[in-house]
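Listed below are the residues making up each chain.
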Amino acid sequence: MEPDEYPTKGEQPREAAAGQVACWQFNLTRVRALLESVDAAPRGDQEWQPDRLDMLLSAVRIVDVNDEAIRLFGLPADRDKVLDRPTASLWPEQSRAALGDLLTTIAASVHKEPVTREIPTVGRLQHVVLTGWKAFDSRCADTVFVSVRATLNTPNAVIELEASQKRYRNLISSLPIPVWQIDARPAGRIFERLRASGITDMAAYSDEHPEIVNLACEIVQVFDVNQEAMVLFGGKRRSEFIGSVKYLFSTTPGATRRVMLAHFSGARNHVEELKVKTFDGRLLDVLLLMTFPVPGERLDTTILMMIDNTARLEAEAKLRKIEADFSHAARLSTLGEMTTSIAHEIKQPLSAILMNAQTSLRYLRRAEPNLDKVDILTSRVVESAQRAGDIIGRIQDMAGKREATSTLLDFNDVVRQCVVFLRHESEDKDVVITTKLQPDLPAVQGDRIQLQQVIVNLIANSIQAMKVTPQMQREIYLETQLDETARVSFSIRDTGIGIPVDHLDQIFDGFFTTKEGGLGIGLAICQSIIQAHGGEITASNHPEGGAVFSFSIPAKSAAEGQLQNGQPFGLQEDLVPRII
Amino acid sequence: MTKVRCVKVCELILTPTIAVVDDDVSICKALAELLEVLDFKCQTFDRPEKFLAASISGRFDCLITDLNMKGMTGLELQQKLSAADPDLPIIFMSAQSAAEAKSQALRLGAVAFLSKPINDDVLHRHIISALNRRSRPREP
Ligand SMILES: Nc1ncnc2c1ncn2[C@@H]1O[C@H](COP(=O)(O)OP(=O)(O)OP(=O)(O)O)[C@@H](O)[C@H]1O
Ligand SMILES: [Mg+2]
């Protein structure tokens with residue numbers, strides 16, 4: 001029989017530890033033969049023969065020890081180095097005879113009464129009393145428990161210990177971080193039992209038995225908190241904090257399981273971000289830091305700290321807003337480049353409106369007003385005014401501060417609109433834009449304005465890169481495709497100067513520019529937008545010269561992709577969840 | 001004096017025909033209506049190439065053209081016409097404040113360079129002066 005197989009109910013050394021008594025559990029199976037031989041033990045006050053004692057204690061195996069035994073006897077911190085080891089290697093030299101005597105007596109006795117031996121000093125222990133008894137369960141007749149009571153041998157040591165405990169308490173209470181002291185041993189005991197019954201995959205086990213998480217949460221108790229913790233949680237009395245740790249995890253239920261898994265795995269530390277609800281009802285973002293004790297340390301104390309992240313997260317949110325403002329500014333700068341095109345686009349319908357209105361007035365002021373003409377002209381005024389409105393709306397979309405909205409889009413349509421938008425700009429620069437748009441592309445989910453911004457930025461870069469290209473060779477090829485991974489891809493190729501190889505991995509960085517007056521944020525924004533759409537953007541050079549930029553974003557499957565009938569310039573500001 | 005007035009009357013009786021070239025159809029239509037109410041005949045073209053194909057010397061008495069167009073700018077059109085129909089008076093319109101194009105156009109003999117949107121009275125005045133210029137022998 002292996003030691004682990006002994007039923008230990010009701011007799012665990014650990015339970016004897018309640019009053020800080022060190023407790024050992026031994027297995028005598030292998031010493032049976034030795035003990036039954038005639039002169040196994042010395043009679044009366046005869047001395048032990050050293051090698052006999054050695055043999056005996058080498059054959060006695062340690063089944064288990066409690067935390068106090070580890071502490072008191074200075075046993076290896078790692079329990080594996082204690083369990084199932086020969087007693088000879090770990091029991092203190094000075095009291096080996098007493099233990100050998102005790103075990104022999106117990107083994108020989110038919111009663112299960114406890115047997116006691118007293119030893120004046122063992123190392124730093126004084127008035128050592130060993131009490132041994134046989135397991136009550138007769139199925140494990142070879143199991144013997146030995147408890148050890150002792151006092152520390154010098155008053156100095158006691159004072160020192162108390163002083164160090166006090167120092168420790170002071171240290172914790174004056175730490176400028178909220179600290180909870182927790183006794184996680186009850187959970188530890190459950191884990192040991194599970195481990196003993198062969199469970200190694202706690203994650204799987206807790207999936208099957210979710211109640212274990214609640215149980216662990218219930219029995220693990222806070223026994224002290226410092227001032228900072230009370231301030232963080234807005235509590236008034238320390239007593240509010242004492243008890244089950246449940247209140248710490250109520251807002252982030254998943255955390256309990258993760259903490260438990262960490263504890264089970266024997267991890268030294270566990271760190272995670274947590275939302276907690278304070279006693280006065282605030283919701284805080286905190287960083288949770290837990291340090292589980294390892295054997296050799298005070299096993300009764302698990303330290304839990306919280307660092308308030310609320311301020312940091314607020315700062316992050318502010319930063320994100322600045323980022324958004326920044327990309328707004330970037331849009332404006334792209335827009336600035338195109339003011340000429342924009343002015344042209346708006347003045348066109350405006351001219352038509354003015355002319356038609358003036359003509360109408362002339363017809364109206366005639367001696368016999370020609371109302372038929374006025375009718376025709378006025379409806380043309382309405383038409384042109386609508387067109388002007390469309391254009392202005394489109395520009396507001398580009399320039400306006402807006403939050404991203406996600407809709408189903410016909411991607412080819414998005415590309416076409418960009419080309420229309422840049423028509424004057426490209427004609428001005430003698431650039432020919434050729435498009436090859438794969439028909440029947442599935443819809444993509446995204447923000448029209450942002451995707452247009454990406455494409456407009458890329459086209460603008462290409463136009464700028466072709467400044468020195470001979471006028472007749474300034475060409476841009478736009479292509480859309482459904483790629484092998486069923487993503488919608490877009491590529492733009494130009495016949496410009498291309499990208500020097502050593503710039504290739506820098507061009508997407510913010511503020512990287514080779515242009516006089518460039519800010520270097522165009523591509524950085526493109527990248528962030530494409531990433532927000534779940535895609536990737538890459539740059540390369542074409543073998544025949546010029547740069548190639550490509551990106552691809554996930555497409556919707558045919559079933560999902562019911563295209564909504566988009567307005568011509570993407571003014572639909574649906575209240576669909578934001579994508580960034 | 002007398003001669004000029006006589007020509008003017010003559011021209012008005014003959015109803016001058018004005019060509020309009022603009023790639024924006026709504027502008028073409030609006031101009032056509034305006035010219036009609038001003039008692040001119042008018043023909044519109046949405047592409048400069050179409051106008052060139054249709055124009056034989058003397059068919060039009062005045063040309064009103066946009067500056068920025070697909071295919072060919074107003075300035076290029078002006079250049080082409082300086083060979084084909086050197087006497088045709090040209091009035092430019094532009095939606096952009098293109099100072100350089102304006103001075104070039106006027107240097108090459110344009111009657112006027114108007115910014116869109118265009119005032120009807122201003123346009124009328126310039127058309128009249130263009131027609132006068134056409135009928136006047138060119139100054140050396
Ligand atoms: N099509 C291209 N051909 C060659 N080089 C390019 C091309 N597109 C981008 N680059 C290079 O990448 C750099 C960064 O581009 P990006 O658009 O991010 O900034 P920018 O155009 O310089 O400035 P901004 O967009 O702020 O006006 C450019 O300065 C240029 O060196
Ligand atoms: Mg750029």
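Residues numbered from 1 in each chain as written. Chains lettered and ligands numbered in written order. Predicted model: local features only at pLDDT ≥ 70, side-chain atom pairs only at ≥ 80, totals over all residues. Heavy atoms only, no water.

Asks: What is the right way to look at the overall build of chain A in this model?
Replies: Across its full length, chain A holds 19 helices and 18 strands. Accessible surface, chain A as shown: approximately 29,800 Å² in total, 54% of it carbon and sulfur. (Helix = DSSP H or I, 4+ residues; strand = E, 2+ residues; numbered from the N terminus. Areas by Shrake-Rupley, 256 points an atom, 1.4 Å probe, with all protein chains shown as cover.)

Asks: What is the right way to look at the packing of aromatic side chains in this model?
Replies: Note on aromatic pairs: each is described by the distance of the centres and the angle between the planes. Residue and element names in this part refer to chain A. Scanning all chains against the criterion turns up 22 aromatic pairs over all chains. Ring geometry for W24 and F26: centres 5.8 Å apart, planes at 20°, overall stacked. Of the two residues examined, W24 and F26, each falls in the buried class. When the ring of F508 is compared with that of F549, the centres are 6.3 Å apart and the planes differ by 80°; the resulting orientation is edge-to-face. With F508 in the loop between β16 (487-494) and α19 (522-532) and F549 in strand β18 (residues 547-554), this residue pair connects regions lying 41 residues apart in the sequence. (Phe/Tyr/Trp six-rings, centres within 6.5 Å; stacked < 30°, edge-to-face > 60°. Buried < 20%, exposed > 50% of the residue type's maximum accessible area, 1.4 Å probe, protein only.)

Asks: Looking at this model, I keep getting lost on the nonpolar core. Mind explaining?
Replies: Residue and element names in this part refer to chain A. W180, F233, L248, F249, L304 and M306 are the most contacted members of the largest nonpolar core, which has 40 residues in total. Broken down by element, the residue count for this core peaks at five residues, all from helix α12 (residues 253-265). Contact partners of L304, with chain neighbours within four places excluded, come to P178, V179, W180, I182, L248, F249, L288, L289 and M290. (Core = buried A, V, L, I, M, F, W, Y, C linked by side-chain atoms within 4.5 Å. Contact = heavy atoms within 4.5 Å.)

Asks: Help me understand the pattern of salt bridges in this model?
Replies: When the charged atoms of two side chains with opposite charge come close together, those side chains can pair. Residue and element names in this part refer to chain A. Summed over the entire model, instances satisfying the criterion amount to 28 salt bridges over all chains. In this structure, the salt-bridge partner of E192 is R195, at a minimum N-O distance of 3.8 Å. With E192 and R195 both in helix α7 (residues 185-196) and three residues apart, the pair spans about one turn of that helix. You can call E192 partly exposed: its relative accessible area is 30%. R416 serves as the salt-bridge partner of D413, at 3.6 Å between the closest nitrogen and oxygen. (Salt bridge = Lys/Arg side-chain N within 4 Å of Asp/Glu carboxyl O.)

Asks: Help me understand the site of ligand 1 in this model?
Replies: Residues and elements named next belong to chain A. Surveying the vicinity of ligand 1 reveals 20 residues, the closest of which are N461, T513, T514, K515 and L523. A distance of 2.8 Å separates an oxygen atom of ligand 1 from a polar side-chain atom of N461. A distance of 2.4 Å separates an oxygen atom of ligand 1 from a polar side-chain atom of T513. When isolated, ligand 1 has an accessible area of 590 Å², and the protein chains bury 93% of it. If you list the elements that add at least two residues to the shell around ligand 1, you get α18 (448-465), α19 and β18. It is α18 that contributes the most residues to the shell around ligand 1, four residues altogether. Classifying every residue of the shell around ligand 1 gives nine nonpolar, nine polar and two charged. (Near = heavy atom within 4 Å. Polar contact = N/O pair within 3.5 Å; in protein donor to acceptor, adjacent residues only side chain to side chain. Nonpolar A, V, L, I, M, F, W, Y, C, P; charged D, E, K, R; others polar.)

Asks: Would you take a moment to explain the pairing of strand β2 (residues 41-45) of chain B for this structure?
Replies: Looking along a regular strand, one sees the side chains alternate between the two faces of the sheet. Sheet topology note: the strand β1 (residues 17-21) of chain B/β2 of chain B ladder contains five bridges and is parallel. Note that in β2 of chain B the partner of V20 of chain B across the bridge is T44 of chain B. (Pairing = 2+ DSSP bridges.)

Asks: Even after reading the chapter, I still don't get the interface of chain B and chain A, so can you show me in this structure?
Replies: Interface size is commonly expressed as the accessible area that is lost once the parts come together. In this assembly, 25 residues from chain B lie in contact with 22 residues from chain A. Between chain B and chain A the total buried area reaches about 2,300 Å² when both faces are included, carbon and sulfur atoms providing 51% of it. In this structure, the connection of chain B to chain A is made through six salt bridges. The salt bridge involving D120 of chain B is made with R362 of chain A; its shortest N-O contact spans 3.0 Å. The interface formed by chain B and chain A holds eleven residue pairs in polar contact (both at pLDDT 80 or more) in total. (Buried area = accessible area lost by both parts, 1.4 Å probe.)

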